[in-house]
Amino acid sequence: MLSFKHLVFLEVAQLKSFTKASQSLYISQPAVSKHIKQLEEDYKTSLFERKGNTISLTHAGELLVNALIQAKTIENQ
């Protein structure tokens, strides 16, 4: 089972927005930021590249998305 912070990460990655992810998950935007920060500390790397109001996945972020999607697929079987 994926942790909540991993589900938050997937939502941000899909929507490309911390704000939209917070609305989708019914949690505050600072809570979303905290979950992402915790993951980045856990993995000791940046998962998103932040440029002004836009974000994109780093290479590490893309690898994590792929691994989590695979884990989620296996989990649902």
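Residues numbered from 1 in each chain as written. Predicted model: local features only at pLDDT ≥ 70, side-chain atom pairs only at ≥ 80, totals over all residues. Heavy atoms only, no water.

**Q** A description of helix H4 (residues 59–75) should follow, citing residues and the corresponding values.
**A** The terminal C-alpha atoms of H4 lie 24 Å apart, and with 17 residues this matches the ideal 24 Å at 1.5 Å per residue to within 8%. When we look at burial in H4, the residues that qualify are Gly 61, Leu 64, Val 65 and Leu 68. Buried residues of H4, seen end-on, are gathered within an arc of 105 degrees and therefore sit on one face of the element. The exposed residues of H4 that point more than 90 degrees off its buried face are His 59, Gln 70 and Ile 74. Looking at the packing, one finds that the buried side of H4 touches helix H1 (4–15), helix H3 (29–43) and strand S2 (54–57). (Helix = DSSP H or I, 4+ residues; strand = E, 2+ residues; numbered from the N terminus. Expected span 1.5 Å × (residues − 1). Buried < 20%, exposed > 50% of the residue type's maximum accessible area, 1.4 Å probe, protein only. Arc of directions from axis to C-beta. Contact = heavy atoms within 4.5 Å.)

**Q** Account for the side chain of Ser 17, with residues named and values stated.
**A** Structurally, Ser 17 is set in the loop between H1 and helix H2 (18–25). Reaching out from Ser 17, the side chain makes a polar contact with the backbone nitrogen of Lys 20 at a distance of 3.0 Å. Once you skip the residues sitting within four places of it in the chain, Ser 17 turns out to touch Val 12 and Ile 55. (Polar contact = N/O pair within 3.5 Å; in protein donor to acceptor, adjacent residues only side chain to side chain.)

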